[in-house]
Structures are given as structure tokens and as C-alpha cells.
Amino acid sequence: MKTSKIFDHWLYVSFILFYSGTIFPNELFQFKGAVVTSNALATEAGEKILAEGGNAYDAATTISAMLSVVEPFASGLGGGAFWLIYDAKSKEYKMLDARETAPLQSHKNMYLDENENIIKNLSTLGPLSAGIPGIPAVLSYVNDKYGSKKLSTLLTPAYKAAINGFPVNERYLKGANYKKKWLKKYKETEAIFLDKGEVPKKGWILKQTDLAKTIKKIMKDGHKSFYTGSFAKKMLESVRNNGGIWSEEDLNRYKVLEREPVRSSYKGISIIAPGLPSSGGLVLSNALNILAGYELDKFSPTTQKHLIIEALRRAYYQRAIKMGDPDFMDESLEFLLTPSFAAKQRESINITYATDNQTLEFANPTYQGQGNDTTHFAVIDKFGNRVAVTQSINFWFGSAFVPKGTGILLNNEMDDFSIKPGTENGYGLIGYNANAVEPGKRMLSSMTPTFLESNKGFVILGTPGGSRIISMILLAALEWIDGGNAKSMVSLPRFHHQYHPDYVLYEEEAFMPNEINELESMGHILKKSNRQFGNMQIIMWDHKNNKIEIASDPRGKEKSREEIY
Ligand code: GLY
């Protein structure tokens, strides 16, 4: 196993001593921390902050901003995020909710025509599909509350990357190719992200001059310069001229919310993951609670997979019918975390046969899978602070709309609402009233930055992948319980079931040929994905071997940490 260059033998000693709570002068130790992201430029920027004495919050602030610049197809200042934090000083776990909000003029039928049919692309393309961004606010929030360095220092790498440019990576080219038609829809967007209207060649330098100016403004005046004043007016004018409905009040009132994460346990491990409006914590915990009633390793590999699929079916079913922004819900969903509810859900699982979705209640049409958007990163510092962040603008290149002169590519997260009861969003997910569009509401998400802890150590993990994020985290957690390491967790072939549409989406190699036959004869509909899913990033602390391990998903096709150093 190799680790980043900022680790050495002392790290292992210092880290254990630190982790066990013993206080030692920092200068005794050479452990500066660890970073994992999907992008080498972002990783290096975060490591530099740690090496210069910054804490995990500082490094995470730099990385979030940097990813917003160097991977504009996946996330950005025009998007939202969930931060999961373990604060070593207070010993508290926190979730920061920087999810986008629906504009105040939005309403539940806003994407439907007079016959209540969905108007194509209205919730996915252009400014009407954009929620009010949360990332500029969360950067300031974290800096004010937890940071040790100035925001202007932390945003400098992002500013420099925007103004000087950087060579676009393979994933950029793939995304630009996939979304070329959308990128050409708006002149401002085309001028920034395409090369004279064409998908650039490898090595093309992407410069984002307007974005650099916007970052500079935030460096100087804080996030208020984004949500108020002349900059906000400039964004609003362009949004409204292009069919959007944002108002000054929408921007002025945007707030980061601190919430309690969902905590649960499964066979000796603790799981800490975000609560609503992320469905991640509840779906993950509910599915694991269902599986806790079985001794999985006593079953054949096929039956184990069958049981995982059935647990996911039920947990995602609860997502569809019950979940939304908790501030708009009357019903508490705490019951989803109880062993008694899991036992009740297990009663309907047949060990040899797939469940008919109709017996769970609702029915379904077809599913169009979406790309590998969104991004996840994690940081740990010498103080023991841990930060896991998943941030997104939803689809590749979000709404494809950049308000004139701002460089901010807006999200299309409004599509994560249930825009019509029981109809699919871009991830094939369905939802009902709990996730209907309402003014000021946060759309339900699947982003799941997660901590796993046990007497073996701990893992900080997360991944992009839309609705599939939660099943990817579940498979990785089971792999860890089975003795897997960070590398095997990120590399594991994946399969997914989300209740609706009623099939198992799987990566090649997720099932052996005999398992495919057996699962099909049990009544499962299997669909091989034509592309791999996820880009998982993991930092793992292993108590037994006194080692820290960092792993990036091989699917990311970025240089891994091992290749960089
Ligand atoms: N935009 C995808 C999600 O938040 O689940």
C-alpha cells in the first residue's frame, strides 16, 4: 500500500496516539492529514493547505472551490452540497445542508402543460431548471465557523485555476461531447466550454475569466457579494431574461442549515450519513437494517445478492413515497430506522423469489440512466477533524445556462423534485407529495457522504452517481465488513435496484454467468449498464495495521494518488 508523500512512518504512530485522544504537541508529529478527490489539481491544492498548517475545513473549502473550477461539468458555485463533519474538538458529528432551494415563485405544476403533461426539458435545461445555489454560502459558512485561514487565501487556488486556465481532462471531453447540443443552446455557455463551437481537443486550456472575477469578489467581500448587491442583480437579470423565475429575495434569504446526521448501526459498525433532504442516510440505514436480519455469509452468493436487491427495493420504495425536505413534512420518518420496521419489511421478502413491486403498491414505466456527474471528496487533518463532501450541479454541465458575465454554470437540480406525482426524473426515480415542488423547498437528493466506524477503524467515503449513490455506499460498507480495504471498496463491481423502475442495473462483472441465470429464474429483471457507474473516493483508517489508506475509484480515469506520488 502506498500513501501520499505527506505521510511517513511517524504518521502511523502520531495518528494512533492522536486518535486515541491523547494530546501531544503537534510538532512532534509529521502527520499533516490526508486528502482524496476525483481530480489531481484539487487534491494538490487541498494537500498544500494542510501542509501549510490549515485544518480539514480549510482544505475542504479550497477543494470545493477548486473542483468547481476544474470540473465544471460535475459541480460548481452554481450548485449545492452536503457536508458531513466530525469535529474533533467538540467530538460532534454534523451535517451541513447547502442544498439548492426552489425559487419563491415556483409551484407544483410549473413543469406541466395545461393538460398536466410534462413539458420536455423544462426541469432540466435552462434557468427555470435551476435551484438557488448553496455552494458559495457553505464555503463562507465553514470558513466563519470552523476555518483557521482567511477565505481569500483558501479560494486563491480556484481563482488562479480560473484565470490562468488548465488543460481539460478526459471526463471533461466526455461530458462536453455528451452535452454538446445543450452547451450550444446558450451563447455564453458555448463560448466558455466549447472551442469555437466544437468539443475541444485533449490538452485544450479552459480559461474562465468571468468565473475568476466572481471568485475574486467572494474572496474580497465574502459570499454576500454573490447573494446580494450588483452581482446578484446581474445574475437575476440574465436568469429572468431567459425564462427563469429567481428573485432578489430568493438569493438574499438563502441559508446553509446545520442538521443532525442519521446514525445507525449494522453488525458492529456505526453508520453516519446525511439526513433529509438527502435520502442517503435513511435509505442506507433502512436497507442495512433489513439485511441485519440475515446471516448473509450463510447464503450462496446469488441469494446474498437477491437479499441486497430486495432490501434496496424496499428502502427506495420508502424514499419514493415518503421522503422530501424535512422542513415541509409533518411526518417524522424516524420509524424507518427502527429494527421493528425492518423486521416488518423482511416479512414480505421471499428468499427464493423476487418481490412483485405491485405488492408494494405502485407501478412503473421506463428509465433513462444518467451520466457520471456530481463529485465527492474527503479530508482528514492532524487534529482528527474529518470532512466528507458531495457536491453537484445535477446532470453533466447542469442546466447548461451561465448568467451573462458571471461565469457561474447553474445547476438543474429542480429535476430532483417530483415534478409530477409518480413520473420519473432524470434518474428514473419517482416521488410524490413529500417531494413536490414548493417555494423555498429543498429537493430530495441521493448524495451520501458517509462515515463508517467500528473497532477496526473508520472509513470516510462517498461517490457521485445520482440515484445509485446509496446502493454503491451500501455495497462498499458490506465489503468493508467482509474484510475489504479501500481499494477493493472503490473497485467493487456494482449493481443497483431503486424500486422503480423494477430492474437490477448492473456493471459487467457484478454477476457471474450462473448468478445471472439464477437471479433471472428468481424473477429479477437484469439490465447490464452500458457504462460503469460512480467515482468513489475513500480515506480509511485501519486500527489493526495502524495505517491510513486512500483510494480513488478506477472508474474516475484520473491519475490515482499512487500514480501522482
Ligand atoms: N442531483 C442528484 C442528487 O442530488 O441526488
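In this report, the structure presented in the accompanying data block is examined. Here, residues in each chain are numbered from 1, in the same order as that chain's written sequence. Two thresholds apply to this predicted model, a pLDDT of at least 70 for residue-level local features and 80 or more for giving and counting side-chain atom pairs, whereas whole-chain, interface and lining totals are computed over all residues. Values reported for side chains reflect all heavy atoms of the structure, with hydrogen atoms and water molecules removed beforehand.

## So, the overall build of the chain
Secondary structure counts use DSSP, requiring at least four H or I residues in a row for a helix and at least two E residues in a row for a strand, with both numbered from the N terminus. In terms of helices and strands, the chain carries 19 helices and 17 strands. Each radius of gyration is computed over the set of C-alpha atoms, and the globule rule expresses the reference value as 2.2 Å times the number of residues to the power 0.38. On C-alpha atoms alone, the chain measures out to a radius of gyration of 22 Å, which is about the 24 Å that the 2.2 N^0.38 rule sets for 565 residues. Here the C-alpha coordinates of the chain stretch approximately 70 × 60 × 45 Å along the principal axes. Note on exposure labels: buried denotes an accessible area under 20% of the residue type's maximum, exposed denotes more than 50%, and partly exposed covers the range between, all computed with a 1.4 Å probe on protein chains only. Within the chain, the proportion of its 565 residues that are buried is 63%.

## Structural notes on the site of the ligand
One heavy atom suffices: a residue is near a molecule or strand as soon as one of its heavy atoms comes within 4 Å of it. Within the structure, the ligand sits among R99, N394, E413, D416, Y427, S445, S446 and M447. We call two N or O atoms a polar contact when they sit within 3.5 Å, provided that within protein one can donate a hydrogen and the other can accept it, with sequence-adjacent residues counted only if both atoms are side-chain atoms. Within the side chain of D416, one N or O atom sits 2.6 Å away from a nitrogen atom of the ligand. Between the ligand and S446, the relevant distance is 2.7 Å, taken from an oxygen atom to a main-chain nitrogen or oxygen of the residue.

## Structural notes on helix 11 (residues 229–241)
What a helix is expected to span follows from its residue count: subtract one and scale by 1.5 Å. For helix 11, which comprises 13 residues, the first-to-last C-alpha distance of 18 Å matches the rise-based estimate of 18 Å (1.5 Å per residue) to within 8%. Within helix 11, the full set of buried residues consists of F231, A232, M235, L236, S238 and V239. If you follow the buried residues of helix 11, they end up packed against helix 9 (209–221), helix 10 (224–227) and helix 12 (248–252). Remark: G243 follows helix 11 within two positions and exhibits a positive phi of approximately 95°. Contact between two residues is taken to exist if any of their heavy atoms lie within 4.5 Å; hydrogens are not considered.

## Notes on empty space enclosed by the protein
Using a 1 Å grid laid over the protein atoms alone, points where a 1.4 Å probe fits but cannot get out form a cavity; open sets with protein on both sides within 12 Å along at least 5 of 7 lines form a pocket; any residue with an atom within 4 Å of a point counts as lining. Grid points are joined across faces, edges and corners, and a volume is the space filled by probe spheres set on the points. In total, this model carries six cavities of 30 Å³ or more according to the counting rule given. Under the grouping applied here, Gly and all other residues not named as nonpolar or charged are polar, the nonpolar ones being Ala, Val, Leu, Ile, Met, Phe, Trp, Tyr, Cys and Pro and the charged ones Asp, Glu, Lys and Arg. In terms of residue class, the lining of the largest cavity is made up of five nonpolar, seven polar and five charged. Put simply, the second largest cavity is a space of about 70 Å³. Along its surface, the second largest cavity is lined by 13 residues, and S68, G76, L77, G407 and L409 are the ones closest to its centre. Of the residues contributing to the lining of the second largest cavity, the split by class is seven nonpolar, six polar and no charged.

## Quick look at the packing of aromatic side chains
In summary, the pairing rule links any two rings of Phe, Tyr or Trp, Trp by its six-membered ring, whose centres are within 6.5 Å, and it sorts them by plane angle into stacked for under 30 degrees, edge-to-face for over 60 and tilted for everything else. Evaluation of the coordinates by the stated rule reveals 21 aromatic pairs. For the ring pair F73 and W396, a centre distance of 5.5 Å and an interplane angle of 35° mean the geometry is tilted. Here the residue F73 occupies a position in the loop between helix 3 (56–70) and strand 2 (80–87), and W396 occupies one in the loop between strand 10 (386–392) and strand 11 (450–454), the gap between them amounting to 323 residues. In terms of burial, F73 and W396 fall into one category: buried. An angle of 35° between the planes, with centres 5.5 Å apart, marks the rings of F226 and F231 as tilted. The pair F226 / F231 is uniform in exposure class, with both members buried.

## Considerations on the nonpolar core
Among the nonpolar cores identified, the biggest contains 158 residues, and W83, Y172, I215 and L474 are the most heavily contacted of them. Sequence-distant contacts of W83, that is, excluding residues within four places in its chain, are made with A60, T61, S64, K94, M95, L96, V138, L139, V142, V387, A388 and V389. Residues L84, I460, W541 and I548 belong to the second largest nonpolar core, which totals 18 residues. Put simply, a nonpolar core is a bunch of buried Ala, Val, Leu, Ile, Met, Phe, Trp, Tyr and Cys residues held in one set by side-chain atoms that sit within 4.5 Å of each other.

## Quick notes on the pairing of strand 1 (residues 33–36)
Along strand 1, one buried face is formed by G33 and V35 and the opposite face, lined by A34 and V36, is buried too. Paired strands, in this sense, are two strands between which DSSP finds at least two bridges. Pairing between strand 1 and strand 9 (residues 375–381): four bridges, direction antiparallel. Counted as the bridge partner of V35 is V379 from strand 9.

## Some remarks on the packing of helix 13 (residues 280–291) against helix 16 (residues 469–481)
Only the contacting stretch of a helix is used when fitting its axis, a line to C-alpha atoms as for every element, and angles between N-to-C directions run 0 to 180 degrees. Helix 16 packs onto helix 13 with a crossing angle of 45° between their chain directions and a minimal axis gap of 10 Å. Taken together, helix 13 and helix 16 sit at an angle that is classed as oblique. Crossing angle aside, the handedness with which helix 13 passes helix 16 is right-handed. Where helix 13 approaches helix 16, its residues G280, V283, L284, A287, L288 and L291 are matched on the opposing element by I470, I473, L474 and L478. When the residues that make up the contact of helix 13 with helix 16 are grouped by side-chain class, the tally is nine nonpolar, one polar and no charged. Roughly parallel means an angle under 35 degrees; roughly antiparallel means over 145; roughly perpendicular covers 65 to 115; every other angle is labelled oblique. Left-handed is the label given to a crossing in which the near helix is rotated counterclockwise from the far helix by less than a right angle, and right-handed is the label when the rotation is clockwise.

## Section: the packing of helix 3 against helix 5 (residues 151–164)
Between helix 3 and helix 5, whose axes approach to 8 Å, the crossing angle comes to 20°. Between helix 3 and helix 5, the angle is such that the two are roughly parallel. The two elements helix 3 and helix 5 meet at a crossing, and its hand is right-handed. Residues D58, T61, T62, A65, M66, V69 and V70 of helix 3 form the contact with helix 5, whose participating residues are L151, L154, L155, P157, A158, A161 and A162. For the contact of helix 3 with helix 5, the class distribution of residues is 11 nonpolar, two polar and one charged.

## Observations regarding the side chain of S467
With respect to the helices and strands, S467 occurs in the loop between strand 12 (457–462) and helix 16. You can call S467 buried: its relative accessible area is 0%. Of note is the side chain of S467, whose polar atom sits 2.6 Å from the side chain of Q498.

## Quick notes on the pairing of strand 16 (residues 537–542)
Counted residue by residue, strand 16 has five buried out of six residues, so it is predominantly covered. As defined by bridge partners, strand 12 adjoins strand 16 across six bridges and the pair is classed as antiparallel. Counterpart to V459 in the pairing with strand 16 is M540. Here strand 16 folds back onto strand 17 (residues 547–552), and the loop between the two strands holds four residues, one of which, N546, carries a positive phi near 50°.

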